[in-house]
Amino acid sequence: MAYHGRSRNAQILVPVHVSDNLAPLFNGLRALSEAQIVSLRGPDAVAFAQAQFANDVPSLADGHWQWSAWLTAKGRVLAVFQLLRLDPQNLLLVCHDGGAEAMAEQLRRFVFRRKVMIEHATGLKVNAALQAPTQAAGAVLAQLDGGDIELDVGGGALPRSLRISQQAAEHDPLAELAWRQSDLRYGLPRLVESQREHWTPQQLGLDRLSAYSVKKGCYPGQEIVARTHFLGKAKRSLALLACAGEADPGAAVNQDGSAIGNIASAAGTLALAVLPLEMAEGALEVAAAEARIEPLLEGLAR
């Protein structure tokens, strides 16, 4: 829950608008041009993913998906993605901010003797709709007639669905912006290159998505993530901002003339900012324009 005040117990919430101005233009499936897919195949696919990614892969049942993240050794987020477990030997990573080829290449460096093939699945496309899925529900994916994979990526306040297909739907830049804004309303960070390796999972609020585990075994950055969690050292987290002007990733969030945080992700006039958990009263500004905190939508955790 986003808040504005001296503590979490002094909340001043702005009513959420579940439909941004662009959302009415988004009817039916539309292609997401930035989303790309990495495929992990082989007897050691699950073990390899367990050693590299922040969430607990063996606990994920076949036919289910989870949010996950890939971190640096210093516990900074390289990528946030959906991890689909089709069966014990086939995993798909839906990378909403692209970079699949570079990610696959880097992951191959850690294969060693494991029996796993890692590829950028260029033949798979990601389509989206601001409507409830036809068959998928929660973390359970659906295999549709024709071979498409359907995912439920919404909640009660804002139903959404994804389809992984060999065919791309029509692309509409305004529809994609509406989708990106809906991601931000759910607290899903969309990281451009300048914001990768910059934030910890706690700062990006990835606990809201159940995107990392503090109980599983070793993975890059695990020690830092666990220490921050168990010692309660996180002092900043994610807040949704509605800005009077367009926001840019990396821009400072100011209060009374002083920078108190930064924009981590932006889409038009909506932004996710990393701000102190405890803040003084006072108006916020981004790029000399007014910004207000709005509540994040719940229901995207899987």
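Conventions used here
Residues numbered from 1 in each chain as written. Predicted model: local features only at pLDDT ≥ 70, side-chain atom pairs only at ≥ 80, totals over all residues. Heavy atoms only, no water. pLDDT = per-residue confidence, 0-100. Contact = heavy atoms within 4.5 Å. 1 Å grid on protein atoms, 1.4 Å probe; cavity = no way out; pocket = protein on both sides within 12 Å on 5 of 7 lines; lining within 4 Å. Points joined across faces, edges and corners; volume = space filled by probe spheres on them. Helix = DSSP H or I, 4+ residues; strand = E, 2+ residues; numbered from the N terminus. Nonpolar A, V, L, I, M, F, W, Y, C, P; charged D, E, K, R; others polar. Buried < 20%, exposed > 50% of the residue type's maximum accessible area, 1.4 Å probe, protein only. Arc of directions from axis to C-beta. Salt bridge = Lys/Arg side-chain N within 4 Å of Asp/Glu carboxyl O.

(A) Inspection of the confidence of the model for the protein chain at higher detail. Overall, the prediction assigns the protein chain a mean pLDDT of 90, with 92% of residues at 70 or greater. For residues 1-19, every residue scores under 50 in pLDDT, and the model assigns this stretch 53 contacts once sequence neighbours within four places are set aside.

(B) Main features of the layout of surface pockets. Size it by volume and the second largest pocket reaches roughly 270 Å³. Along the walls of the second largest pocket sit 17 residues, with Leu78, Ala79, Gly99, Met103 and Arg196 positioned nearest its centre. Every element with two or more residues in the lining of the second largest pocket is listed here: β4 (77-87) and α2 (100-108). By residue number, the principal contributor to the lining of the second largest pocket is α2, which donates 4 residues. Residue composition of the lining of the second largest pocket, grouped by class: 9 nonpolar, 4 polar and 4 charged.

(C) Local environment of α2. Restricting attention to buried positions, one finds in α2 the residues Ala100, Met103, Ala104 and Leu107. Axial view of α2: buried residues confined to an arc of 100°, hence all on one face. Buried residues in α2 make contact with β2 (36-41), α1 (45-52), β3 (64-71), β4, β5 (90-95) and β6 (117-120).

(D) Representation of the pattern of salt bridges within the structure. Scanning the entire structure with this criterion turns up 15 salt bridges. With a closest N to O distance of 2.8 Å, Arg185 and Glu294 form a salt bridge. Of this pair, Arg185 sits in helix α3 (residues 173-185) while Glu294 is found in strand β16 (residues 289-294), placing the two residues 109 residues apart along the sequence. Across this residue pair, the class does not change: Arg185 and Glu294 are buried. Measuring nitrogen to oxygen at the nearest pair gives 3.0 Å for the salt bridge that ties Glu294 to Arg292. Residue classification places Glu294 among the buried positions, given a relative accessible area of 1%. Arg292 gets classed as partly exposed once you look at its relative accessible area, which sits at 36%.

(E) Seen up close, unusual backbone geometry. Despite not being glycine, Phe112 has its phi angle at roughly 55°, a positive value. Assessed through its relative accessible area of 70%, Phe112 is described here as exposed. Positive phi outside glycine occurs at Asp256, with the angle close to 55°. With respect to the secondary-structure elements, Asp256 resides in the loop between β12 (252-255) and β13 (258-267). Overall, the relative accessible area of 65% leaves Asp256 in the exposed class.

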